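Here is how the chains run, residue by residue.
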Amino acid sequence: MRILLCGGAGYIGAHAYVVLVERGHDVVVADNFSNSSPGVLVRLQQITGHPVPFQPLDLRDREAVVGFFARQQFDAVVHFAALKAVGESCERPLDYFHNNISGTLNLLHGMQAAGVKRLVFSSSATVYGDPASVPVREDARLQVTNPYGRTKLVMEQLIGDLCESDPGFHAANLRYFNPVGAHASGLIGEDPTGIPNNLMPYICQVAVGRREHLSVFGGDWPTPDGTGVRDYIHVTDLARAHADALDFLVRERRNLTVNLGTGQGISVLQLVNAFAGAAERAIPYQIVARRAGDVAEVYADPSLANDVLGWRAELDVDAMCRDAWRWQSQNPQGYPSA
Ligand code: NAD
Ligand code: UFG
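Description of the structure in this document.

**Notes on empty space enclosed by the protein**
In total, this model carries two cavities of 30 Å³ or more according to the counting rule given. The calculated volume of the largest cavity comes to roughly 60 Å³. What lines the largest cavity is simply Tyr11, Gly181, Ala182, Glu190, Met200, Pro201, Cys204, Ala324, Trp327 and Gln328. Residue assignment for the lining of the largest cavity shows that the elements contributing at least two residues are helix 7 (199-207) and helix 11 (317-330). The residue inventory of the lining of the largest cavity, partitioned by class, reads seven nonpolar, two polar and one charged.

**Some thoughts on the sheet that holds strand 2 (residues 26-31)**
Taken together, seven strands build an open sheet; the order of strands is 3-2-1-4-5-6-11 and the sheet is parallel. Unpaired on one side and paired on the other, strand 3 (54-56) and strand 11 (256-260) mark the two borders of the sheet. In this sheet, adjacent strand axes meet at a mean angle of 20° when their direction is disregarded. Inspection of the sheet shows strand 1 (residues 2-6) paired to strand 2 by five bridges, in the parallel sense. Counterpart to Leu5 in the pairing with strand 2 is Val29.

**A look at the site of ligand 1**
Close to ligand 1 lie 27 residues, the nearest being Asp31, Asn35, Ser36, Lys84 and Tyr148. A distance of 2.7 Å is found between an oxygen atom of ligand 1 and a side-chain nitrogen or oxygen belonging to Asn35. Computed on the free molecule, ligand 1 has an accessible area of 820 Å², of which 95% lies beneath the protein chains in the complex. Mapped by element, the contributors of at least two residues to the shell around ligand 1 are helix 1 (11-22), strand 5 (118-124) and helix 6 (147-165).

**Remarks on the pairing of strand 1**
The buried fraction of strand 1 is high, at four of five residues. Taken together, strand 1, helix 1 and strand 2 form a β-α-β motif whose crossover is right-handed. Two strands pair when backbone bridges link them, and strand 1 and strand 4 (residues 76-79) are joined in this way by four bridges, in the parallel orientation. Bridge pairing links Ile3 to Ala76 in strand 4.

The rules behind the values
Residues numbered from 1 in each chain as written. Chains lettered and ligands numbered in written order. Predicted model: local features only at pLDDT ≥ 70, side-chain atom pairs only at ≥ 80, totals over all residues. Heavy atoms only, no water. 1 Å grid on protein atoms, 1.4 Å probe; cavity = no way out; pocket = protein on both sides within 12 Å on 5 of 7 lines; lining within 4 Å. Points joined across faces, edges and corners; volume = space filled by probe spheres on them. Helix = DSSP H or I, 4+ residues; strand = E, 2+ residues; numbered from the N terminus. Nonpolar A, V, L, I, M, F, W, Y, C, P; charged D, E, K, R; others polar. Pairing = 2+ DSSP bridges. Axes fitted to C-alpha atoms, helices over the stretch in contact; angles between N-to-C directions. Near = heavy atom within 4 Å. Polar contact = N/O pair within 3.5 Å; in protein donor to acceptor, adjacent residues only side chain to side chain. Areas by Shrake-Rupley, 256 points an atom, 1.4 Å probe, with all protein chains shown as cover. Buried < 20%, exposed > 50% of the residue type's maximum accessible area, 1.4 Å probe, protein only. Right-handed = clockwise from strand over helix to strand, strands pointing away.

Structure, rendered in structure tokens:
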């Protein structure tokens, strides 16, 4: 298939690019580099052995998006492009609504005008908010706790309405749990700008000496060791699910909403210890107050993905830490500027 990856220069998109090219697809990356750098394209060329077809594109620019689809032919789109920082979304909700929701609307307009009828969408476990019970199944109650989460839920709904209106249009909403790790080559990985919001990149930067210690947000959660529990999933496993979801859309011609996680809950201190083992160095940490908006425990029931996609996570927490550390230690400051 000829596939467009919107936001394909980002962390998850870059890993999906590699898997899709390995599966023989013809893949084009579109991005505005608002949270990524052209350096990733150089690395993708190193991994795949071929130049990366790239289109500068800002999804907020409807004319540009529709014009691009009018000039190019695609069999499917994978839509990663979004702003994703929860705290920032509380400070600048309108920017998040504009970028994520208007950007998605523009993309859907471009696809519809060009007759492109397959979409794989990056959704998130954030749509479950603070779940009533774990593991979380896809039919759990949906609730949002911040503007970022609202954009993900609204985008799922917009896509759902379009699918309803056009029986030939099919979409897969992939609800990612906590993606971590990096490609086994160490050439691509997570490269956050500024102070990392998320646990794994923060641990990586402590390990490489860019930050003094990790602050563990709360030691008094109702969990076995008192720290927050999440479902960390290796980004390579996650990337593979995008190729499987595209195959599903072609084969089954129906819509899908599915969790992507390992099904295993890991605490902050378990991840810190696993990383310390993988990197063979201590990760200094201090337990501090809980972070506003956090929840005790979230992990997936991933059985639907196994049933309908034949997909399951294969890489364990040690592989996640080993690969994250390889990326960080080989690239202490992230991607070099291209
Ligand atoms: P990322 O920021 O690394 O990648 C997103 C990419 O989209 C970036 O390259 C960015 O420049 C681009 N982009 C953003 N707005 C754009 C626009 N208007 N036009 C064109 N390009 C634009 O993030 P990621 O971690 O790779 O996440 C990918 C997707 O997965 C996002 O939609 C995110 O909400 C979702 N998600 C991520 C996580 C996570 O923890 N990383 C968890 C659940 C869901
Ligand atoms: N944590 C720390 N210290 C840090 C960072 C995080 O102790 O410096 C803890 C958190 O309190 C939480 C756990 O590590 O218990 C994981 O936190 P992350 O910020 O890495 O991930 P979250 O589960 O809070 O949120 C992430 C994304 C959201 C997304 C959600 C579900 O940031 O956008 O996963 O996919 F919605």
